[in-house]
Amino acid sequence: MNALLRTRSWAVLLLLCIACGGSDDDTRDDAGAGTPDGSGGPVDSGTREDGGTQAEPDGGSNANPDSGTIAPDGGMNSADATVPGAITLPFPTLHHLTVEWAFTGDANANGVVSVRFRPTGTSPWRQALPLRRITAGTNEGFSWALRHSGSLFGLQPGTSYELELTLTDPEGGSTTRTATATTRAVPAPMAGAPIKAVTPATFATVAASAQPGDILELAAGTYSAFDWSRSGTEGKPIVLRGTAGTILTGPINLFNQSHVHFDRLTINGRVRFNGSKHFVLTRSTVNATTANNGDAVVTFLRAESAYIADNVVTGVTQWAESSLGVSGNNQGEGICVTGPGHVILNNRVTGFRDGISLMEDDAAVDQYSIDILNNDLIGNADDGVEADFCFHNCRIVGNRLTNNFIALSSQPSLGGPTYFIRNAIYNAVHIAFKLYRGSSGDVLLHNTVVKHGDGLGIAAGRPVANLYTRNNLFIGGPGGSFNGYSSGNANGRVLYIPDLVTASANLDHDGFGTTSGNFTATWAGSALTGLSALRASTTEKNAVQVDLGAFSASVAYPSAPMTLYAAPDLRPRTGSAVENAGAPLPNINDGFSGAAPDLGAYEVGAPLPAYGPRP
């Protein structure tokens, strides 16, 4: 379900400064389609694209659409009763499913949806997180509808799943429905694909006649910039595969194509895939240049279901105080996308304005069902991950962010849910989470933060609404100022969210600490001192106080943030305050060891994940 609608006039687009972080000269030279956002008209996102078993408009299945039950007292007719609508599962990715259930009614907001799932044809069900209740709203020229929304996490690629959704509302409308969807398979060449040898001298001729299923194997040599204009088909992609010594000179443009794979290439310059579907970039090295604004891998117009994995992407921005922030001496987007269904997985992205980013403002189109997973982000001078203008179900999971000005941005989340889960953050100079511009619906689970200044500081200047956190670990210390931006106050507050909307906030089971030895917090308009005051006066009834001794390895306070620190090991120590201090979260921390989950990105004794390119 694409529940987000534009309310801003298209005339504004004429004034648009293309985002993913800054101005760009590429809005008109990209051969995009005729609609103002370049999407080329309605999206054909039926069952083949989105994996559902019925051709719902956005691809999910919807069993028993009329199975709502009427309460004995006629509650279905009450404004407090839920009237369930359609279930949709738009744009499955390799490891996640988006689940949306539209409804009306439920004026007293007590309807809940529990979720169970299993691979199709198997017996045991697994419990998932309940869907989030998303209240209809508007912000920054976009609007979104009332619905329940959420994700299934950690699924297997190319697998069919059954879902059981149970809506419970005491006033009426309670019902159970089932749905099915299939995750996308890992992209691969066609079995038995013909391999065509290519040299720099023969590239243009061979490329012009490439057919679905072909593998073009590029011999060593330097290849000039090119525009690619041939498409593969589902199961028969066209693959450009490098060998030792293959170097492509950018810019490379791939507009409105489908099922084209780039593999094992070295690319010096920008790759742009505007309007394309199922573009794949794997096991490659992309070196940005100062041309094309320093960008590396981008789509500035709506694309679908890209798979960008196991690449090393390097920019031209230096790690220096003068580079920091929106007005700093920085340039370039490492990986930037708009449109649904993208998977950005196990890349190492270093030296950009923004490491991985979504488009902003009117350039943001259908930014939902997007996975940003297990990437290694280092030395980016504005945002490590800029998940701005996420419509819903963007999943920023398992990334390692070291030496970034801002680690994770959600500026704003448009109703949500926007998930930040098990990210390991060290030396975020300014803030770890930028929940600005009226962000609503952010979900923070099991993140670890060690930074200069305030441990969790969100000085938004506008309401921070519907914030949900569990099992995070935030450690700060004495703050300072860098290129005009504060990292926190002189003593380092453990928590500072002056604009928190407390009526919709639900924070608990988080760990807070500071190396300065104090424990001060700002919760909306309240200044608090001490753990007991935080527990007594906020939703953080089960918060714990922590320090750098919580880690198994020695972890130093990042006292000089402009240092390019090596990524420390942030796994917790046996017997520390974070062990067994978390809350169980189905489908997030199943299989925890001990009496309860541990706080932060890791369980005690767990191996480190693979960050960046896999072998």
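Thresholds applied
- Counting restarts for each chain, with residues numbered from 1 along the sequence as it is written.
- Owing to the predicted nature of the model, reporting of local features is limited to residues with pLDDT of at least 70; listing and counting of side-chain atom pairs is limited to 80 or more, with chain, interface and lining totals taken over all residues.
- Side-chain figures throughout are based on the complete set of non-hydrogen atoms in the structure, without hydrogens or water.
- Runs of H or I in DSSP of at least four residues are treated as helices and runs of E of at least two as strands, each being numbered from the N terminus.
- A 1.4 Å probe rolled over the protein chains alone gives each residue an accessible area, and that area as a share of the maximum for its type sets the label: buried under 20%, exposed over 50%, partly exposed in between.
- We call two residues contacting when some pair of their heavy atoms lies within 4.5 Å.
- Any two strands with at least two DSSP bridges between them are considered paired.
- To get an axis, fit a line to the C-alpha atoms, keeping to the stretch in contact for a helix; angles then go from 0 to 180 degrees between the N-to-C directions.
- Values of pLDDT, ranging from 0 to 100, describe the predictor's confidence in every residue of the model.
- Disulfides are defined as pairs of cysteine sulfur atoms found within 2.5 Å of each other.
- Salt bridges are counted wherever a side-chain nitrogen of Lys or Arg sits within 4 Å of a carboxyl oxygen of Asp or Glu.

A. Quick look at the overall build of the protein chain. Broken down by element type, the protein chain carries three helices and 50 strands. Counting every position in the protein chain, which comprises 615 residues, the buried fraction comes to 59%. Across the protein chain, the fraction of contacts at a sequence separation of at least 24, relative to all contacts at a separation of at least 6, is 69%.

B. Up close: the sheet that holds strand β6 (residues 132-134). Spatial ordering of the open sheet is given by β2-β3-β9-β6, a layout of four strands whose pairing is antiparallel. The strands lining the two open edges of the sheet, one partner per strand, are β2 (82-88) and β6. Between one strand and the next, the sheet's axes are offset by a mean angle of 25 degrees, whatever the strand orientation. In this sheet, strand β9 (residues 147-152) lies alongside β6 in antiparallel orientation, the contact comprising three bridges. Bridged to I134 within β9 is R147.

C. Broad picture of the confidence of the model for the protein chain. In the predicted model, the protein chain carries a mean pLDDT of 90, and the fraction of residues at 70 or more is 87%. Residue range residues 22-75 is modelled with pLDDT below 50. Its contacts to residues more than four positions away, or to other chains, number 126 contacts.

D. Looking closely at the state of the cysteines. Tallied over the full model, the rule gives one disulfide. C390 shares a disulfide with C394; S-S distance 2.3 Å. Handedness of the C390-C394 disulfide follows from its S-S torsion of about 105 degrees: it is right-handed. Of the residues examined, C390 reaches a relative accessible area of 0% and is grouped as buried. Take C394: its relative accessible area is 2%, and that puts it in the buried class.

E. Seen up close, the sheet that holds strand β4 (residues 112-119). One open sheet accounts for four strands, arranged β5-β4-β10-β11; its pairing is antiparallel. Two strands close off the open sheet at either side, each with one partner strand: β5 (126-127) and β11 (175-182). In this structure, β4 lies alongside strand β10 (residues 160-168), joined through eight bridges in antiparallel fashion. Looking across to β10, one finds that P119 is bridged to Y161.

F. Layout of the pattern of salt bridges. Within the structure shown, the criterion is met by 22 salt bridges. The residue R118 makes a salt bridge to E162 at a minimum N-O spacing of 3.4 Å. Taken together, the residues span a long stretch of sequence, with R118 in strand β4 and E162 in strand β10 at a distance of 44 residues. R283 is paired through a salt bridge with D263; the nearest N and O atoms lie 2.8 Å apart. Taken together, the residues span a long stretch of sequence, with R283 in the loop between β22 (280-282) and β23 (285-287) and D263 in strand β19 (residues 260-263) at a distance of 20 residues. For D263, a relative accessible area of 6% puts it in the buried group. In the salt-bridge network here, residues are joined through shared partners; they are E140, D361, R437 and R462.

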